[in-house]
Amino acid sequence: MRSEREILTPKYPHLLHGGDYNPEQWLDRPEILECDLRLMKQAGINCVSLGIFAWSKLEPAKDDFRLDWLATIVDKLYEAGIYVDLATPSGARPRWLAEENPEVLRVDERGKRARFGGRHNHCMTSPFYRERVAKIDARLAKRFADHPAVIMWHISNEFEGECHCELCQKAFRRFLKEKYQTIENLNKAWWTAFWSHDYSDFEQIEPPGASGEQSINGLTLDWKRFVTAQTTDFMNQEIRTVKTYAPKIPVTTNLMGLSDVLCYPSLVKELDFVSWDSYPNWHEPGQNVYEGMLDSFTHDYMRCLKNRPFILMESTTSTVNWRPVCKLKKPGMHRLSMLNAIGHGAQSAMYFQIRQSAGGPEKFHSAVISHLNSEKTRVFREVEALGAELGQLSDLLYDSYVEAEVAILYDKESKWALTASCGPRNAGLDYDRICVSFYEYFWNAGINVDVIDSSASLEGYKLVITPMLYMYHNDLQSKVRAFVKNGGYLLSTALSGYVGSTDLCFTAAEEKEKLEDVLGICVEEIDALYDTEANATTWEGIRYPLHTLCELVTCGGAEILSVYEKDFYKGKPVLTVNAFGSGKAYHLASYGNKALYKALFDRICRKAGIEGVLGKAQIPDGIGVASRRNGNKTFVFIGNFSEEEKSIEDRIKLKPFEMQMVVLECP
Ligand code: GAL
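Since we're looking at a predicted model, the values are computed, not measured. (Residues numbered from 1 in each chain as written. Predicted model: local features only at pLDDT ≥ 70, side-chain atom pairs only at ≥ 80, totals over all residues. Heavy atoms only, no water.)

Student: Talk me through the sheet that holds strand β8 (residues 311–314); I want residue IDs and the actual numbers.
Tutor: An order of β6-β7-β8 is seen for the 3 strands of this open sheet, with the pairing classed as parallel. The strands lining the two open edges of the sheet, one partner per strand, are β6 (254–255) and β8. One ladder, built from 3 bridges, connects strand β7 (residues 275–277) with β8; its direction is parallel. Across the sheet, residue D277 finds its bridge partner in β8, namely E314. Helix α10 (residues 288–306) contacts β6, β7 and β8 of the sheet and is inclined by roughly 155° relative to β7. (Pairing = 2+ DSSP bridges. Helix = DSSP H or I, 4+ residues; strand = E, 2+ residues; numbered from the N terminus. Contact = heavy atoms within 4.5 Å. Axes fitted to C-alpha atoms, helices over the stretch in contact; angles between N-to-C directions.)

As structure tokens, this is what we get:
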């Protein structure tokens, strides 16, 4: 069954295998390009990302455009059966451009303008930069719009960062004026009467920063929202430029997973599909299984940004060069991690990079083709084997999709607010790790999960989990209320629903905002625990340790399932459940361990009719199970992320870092 949703690149609707390719570094070595083509074909590479940082070769001096070398390479790639993901080069500007107008260089929080250097560090507001970017983008788009090789646009590279120049500050004030209309509204929303921080004019507002205002969380949040909005506006300008000349070529940009810099659900609206760069820290002792879960969780978040499959745009064939300790990928890990991405909805396995550069800061980053220039390396052979396998799997898998009945809410703006807030635990609250700890059960049990944020719809799910969702916004409360009322299962956890969108606490009159009616509880206080401290709770005869936070809850109708074991709040509820409409709302007033979450989700899944793709099979720890469906066929991806051999009820045996695919058919 064909559906438009899965077809990301209509000109070449196949699983893509390839990566970033930088022939501009070798233009004086034609034999290298010939060798690359031969080796790429051998490795089953069918798509490369071209021109990402090639601006100085495309426009070596102002208005001196040189696109012929690129056209020759695109032609040769096409002849070799290799398609192109063509980049706009705005991620790194040429030196002449910064010399001509330093306004393109970012200003830091203390007001100091950067000198030329690095990449990803231009001002998003600068009209001059925008004009130059539009010019080069238009040239590229005009030249390559009808080239049969070009199947997608790679807009810039890993958008990130902020600039505090006068232009950005002015734009920020305009953004706030539009949002709040009057300074009185803004003062109210930001609670500026505290410590006499009221503003009397929008002109007084400066971005937050260590040398200035740090005590208004509403300001901090709105600044981050502005940075996302300004980046989005910059990116959309690029999108519109290329679409003017090449309206049929889809656009994407490579995101950075759970990076906290931008709010991706707001950024991605004008992209045709999402792509992202995945660099897990494989093989740090004892961390592999967690890394496997975290990577899978991030794939799910990326997929849900547009509820479409995504492109895994970058990953590494073996080692990166930028970690404190750069480990090689052990044999098998490459195949495991790439097929796992596909299991979670990727339509590609792509790498940074095809050929290792001889110089520059990334010369020790691994690649398909290393400095040895050989097809006999271990890494090349693994890539080649995967290329052959993807070639065989493409027709089978391309039209399938990940379907989920469970959603975890992972909300970037709520995380920003939590990070900015003082209390209740300034020693650290690892929001990402907390969210992943609730994901583990499903990852292991073969139950697909959508990772969504609070702007998403909750319709169609059987279970929604809102771990540590400190901020309720985007009309979440009415969506949750309708969801539970109509029969959904909700699990909320400690420190959820304390504030609204500008970090103002919900007060007594706003109990509905806190979902007290849905949860049937009222949170009176919250205690923070040292890392060396624990409480505990016994539920259905089993005792579970509790950590990090303990809410003191009074029940307003909810049934108490378990209570605290000690401290002055001994006997107060830990786990509660409330019937609301035809659904059930659970609340966990603290944080527990894997065993507690297993017991809890075993119960909820049984009641909600949620089952893993492998039915009742006992799946050992360390294994992640994902699945994609197409009609009556389900493709199951079973990966062993641990360093030990594992077996599933003696039926499926998996070596360390092995991935097996099983096809299930139901009539
Ligand atoms: C990515 C970036 C690439 C390359 C890679 C190295 O973040 O987009 O250009 O630097 O990291 O791992």
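Student: I'd love a proper account of the site of the ligand, names of residues and values included.
Tutor: The full set of residues close to the ligand is F53, R119, N157, E158, D277, Y279, E314, W322, F352, E362 and H365. Between an oxygen atom of the ligand and a side-chain N or O atom of E158, the distance comes to 2.6 Å. At 2.3 Å, a side-chain N or O of E362 approaches an oxygen atom of the ligand. Here the ligand, which alone exposes 310 Å², has 93% of that area covered by the protein. Tallied by class, the residues present in the shell around the ligand amount to 4 nonpolar, 2 polar and 5 charged. (Near = heavy atom within 4 Å. Polar contact = N/O pair within 3.5 Å; in protein donor to acceptor, adjacent residues only side chain to side chain. Areas by Shrake-Rupley, 256 points an atom, 1.4 Å probe, with all protein chains shown as cover. Nonpolar A, V, L, I, M, F, W, Y, C, P; charged D, E, K, R; others polar.)

Student: Now, about the pattern of salt bridges: what can you tell me, with residues and values included?
Tutor: Here the structure, examined in full by the defined rule, presents 41 salt bridges. The salt bridge partner of R29 is E31, with a shortest N-O separation of 2.7 Å. A relative accessible area of 35% means that R29 is categorised as partly exposed. Measuring nitrogen to oxygen at the nearest pair gives 2.7 Å for the salt bridge that ties D272 to K243. (Salt bridge = Lys/Arg side-chain N within 4 Å of Asp/Glu carboxyl O. Buried < 20%, exposed > 50% of the residue type's maximum accessible area, 1.4 Å probe, protein only.)

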